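One letter stands for each residue in the lines below.
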2 protein chains.
Amino acid sequence: MEIEQPPVNRERIIPTGERRGLVLVHTGDGKGKSTAAFGLALRAHGRGKPVLIYQFMKVPSARFGEHRIFEKLGVPIIGLGDGFSWKSKDLEHSAELAREGWARAEATIRSGDHFLVVLDEIMYPLRYGWVPLDGVLACLRERPAHVHVVLTGRGAPAELIELADTVTEMTLVKHHYKAGVPAQRGIED
Amino acid sequence: MEIEQPPVNRERIIPTGERRGLVLVHTGDGKGKSTAAFGLALRAHGRGKPVLIYQFMKVPSARFGEHRIFEKLGVPIIGLGDGFSWKSKDLEHSAELAREGWARAEATIRSGDHFLVVLDEIMYPLRYGWVPLDGVLACLRERPAHVHVVLTGRGAPAELIELADTVTEMTLVKHHYKAGVPAQRGIED
């Protein structure tokens, strides 16, 4: 995947020294997009900041390693999906859940109650058109100034990259799946 | 930074279905190399696995957000450095600490007592020649088969990329520093 470097927009240059909430995007085909978001959540929580994680592609009952720890720490990590995948049979149901999930996430961001809100794997419903890009961009632009938002997933739209403060592309250089090594519990989930 | 894709080495192809420890590398100029390693540590800890984190460029007294949480969780996160930076005045001392730190990390990896060992920012001492690349490669090759090792930092050597199972390059697409927004507590530390 190619991400075009957006042109420098001088109107968006912020006076040096201002502290404010950031929009951070983790995209690309490589590993680490979600785990880096979890690391940020951990860090912010460690600073005593209120954090909330929404996961657009996980079911509410997901109990991966990260869910167990964030629950223990008291950091809400909320699955909004139905485990959609290429095997999914009811796309309309997936779309409906994504729309409802976005409504919840938008309300959370706009409330300003959290220092950091993670929108994990939101690029999938954005790409499928289940969540309206314009609505997401408007919410990010209009959010309370102190709120940091991290958005993860492959194929971040150009408009989102333009709006974001920090964009990292995780690029796959090599992957153990290709060498025939399967997913490893405790590493992959 | 360019990372050359290593040639496929058929001798390294593992029979499908084998579960074993992986060598994972997070490199590149972008954000998320360390935070993704912390996310992996969190996940493994959430699965009840013993995890240990060494940080080659942090002082033992570092108390960033991640240190506070990993301490609370009982995951050792050990600073091995003296806060070396381009401002550092005593490079010989930094080199000595890095060598001592690597000796500790090597003993931990070889002991097989941990499911996952993180070597955070080890690429710096590797690049400076403070930690011998051959020694690191030998340790990774000879380690107990169940031990996962994550190595982070810019400029991963080609030999390490060749040996690794999974390599992700974090590429900077844009960064808020460039727009004059300073480091944000709870996000950057």
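Residues numbered from 1 in each chain as written. Chains lettered and ligands numbered in written order. Predicted model: local features only at pLDDT ≥ 70, side-chain atom pairs only at ≥ 80, totals over all residues. Heavy atoms only, no water.

Right, let's talk about the pattern of salt bridges for a bit. Throughout the structure, instances matching the rule amount to 20 salt bridges over all chains. As a salt-bridge pair, R63(B) and E71(B) come within 2.7 Å of each other at their nearest N and O atoms. Here R110(B) makes a salt bridge to E106(B), at a shortest N to O gap of 2.9 Å. Taken together, the positions of R110(B) and E106(B), both in helix α3 (residues 91-111) and four residues apart, correspond to about one turn of that helix. For E106(B), a relative accessible area of 21% puts it in the partly exposed group. Among the charged side chains, a network of salt bridges with common partners joins E92(A), E96(A) and R99(A). (Salt bridge = Lys/Arg side-chain N within 4 Å of Asp/Glu carboxyl O. Helix = DSSP H or I, 4+ residues; strand = E, 2+ residues; numbered from the N terminus. Buried < 20%, exposed > 50% of the residue type's maximum accessible area, 1.4 Å probe, protein only.)

Turning next to the pairing of strand β6 (residues 166-174) of chain A. Residues and elements named next belong to chain A. The buried fraction of β6 amounts to seven of the nine residues, a majority that puts the element mostly inside the structure. Relative to β6, strand β1 (residues 23-27) runs parallel, the two sharing four bridges. From the neighbouring strand, V25 faces β6, where its bridge partner is V167. (Pairing = 2+ DSSP bridges.)

A common measure of how large an interface is: the accessible area buried when the components associate. Taken residue by residue, the interface counts 66 residues in chain B and 66 residues in chain A. Summed over both sides, the interface between chain B and chain A buries roughly 5,500 Å², with carbon and sulfur atoms accounting for 58% of that surface. By the criterion of area lost to chain A, the three top residues of chain B are R43(B), R47(B) and K174(B), representing 15% of everything that side buries. Counting the contacts that link chain B with chain A gives two salt bridges. For the pair chain B and chain A, the number of links is 19 residue pairs in polar contact (both at pLDDT 80 or more). Contributing elements (two or more residues each) for the side of chain B that touches chain A: α1 (33-46), α2 (65-73), α6 (158-163) and β6 (166-174) of chain B. Split by residue class, the side of chain B that touches chain A holds 29 nonpolar, 19 polar and 18 charged. Where β6(A) meets β6(B), seven bridges bridge the pair, whose relative direction is antiparallel. By the bridge assignment for β6(B), L172(A) is matched with T168(B). (Contact = heavy atoms within 4.5 Å. Buried area = accessible area lost by both parts, 1.4 Å probe. Polar contact = N/O pair within 3.5 Å; in protein donor to acceptor, adjacent residues only side chain to side chain. Nonpolar A, V, L, I, M, F, W, Y, C, P; charged D, E, K, R; others polar.)

Take the relation of the copies chain B and chain A next. Laying chain B over chain A is done by rotating through 180 degrees and shifting 0.0 Å along the axis; what remains is an RMSD of 0.0 Å. On this basis, the relationship between the two copies can be described by a two-fold rotation axis. In terms of proximity to the rotation axis, the leading residue of chain B is A36(B), whose C-alpha is 1.8 Å off the axis. The residues that chain B uses at the interface reappear at the interface of chain A in 100% of cases, marking a shared surface. (Least-squares fit on C-alpha atoms with pLDDT ≥ 70 in both.)

Ranked by size, the top nonpolar core spans 42 residues in total, and within it I53(A), F70(A), L116(A), I53(B), F70(B) and L116(B) carry the most contacts. Of all the secondary structure elements, the ones that give two or more residues to this core are α1 (33-46), β2 (51-55), α2 (65-73) and β4 (116-120) of chain A together with α1, β2 (51-55), α2 and β4 (116-120) of chain B. What I53(A) contacts, discounting residues up to four positions off in sequence, is F38(A), A41(A), F70(A), V75(A), P76(A), I77(A), I78(A) and V118(A). (Core = buried A, V, L, I, M, F, W, Y, C linked by side-chain atoms within 4.5 Å.)

Across the sheet, which stays open at both edges, the 12 strands sit in the order β3(A)-β2(A)-β4(A)-β5(A)-β1(A)-β6(A)-β6(B)-β1(B)-β5(B)-β4(B)-β2(B)-β3(B) with mixed pairing between neighbours. Of all strands in the sheet, those bounded by a partner on one side alone are β3 (77-79) of chain A together with β3 (77-79) of chain B. Here the average twist between neighbouring strands, direction ignored, is 15 degrees. (Axes fitted to C-alpha atoms, helices over the stretch in contact; angles between N-to-C directions.)

Right, let's talk about the packing of aromatic side chains for a bit. All names here are of chain A. The tally for this structure, following the rule as stated, stands at four aromatic pairs over all chains. Ring centres of F38 and F70 lie 5.9 Å apart, and the angle between their planes is 70 degrees; this geometry places the pair in the edge-to-face category. Taken together, the residues span a long stretch of sequence, with F38 in helix α1 and F70 in helix α2 at a distance of 32 residues. Taken individually, F38 and F70 each receive the classification buried, so the pair is uniform in this respect. Between Y128 and W130, the aromatic rings sit 5.0 Å apart at their centres with planes inclined by 20 degrees, giving stacked as the arrangement. The exposure class assigned to W130 is buried, which follows from its relative accessible area of 11%. One cation-aromatic arrangement involves R127 over Y124; the distance from NZ or CZ to the ring centre is 5.2 Å. (Phe/Tyr/Trp six-rings, centres within 6.5 Å; stacked < 30°, edge-to-face > 60°. Lys NZ or Arg CZ within 6 Å of the ring centre and 35° of its normal.)

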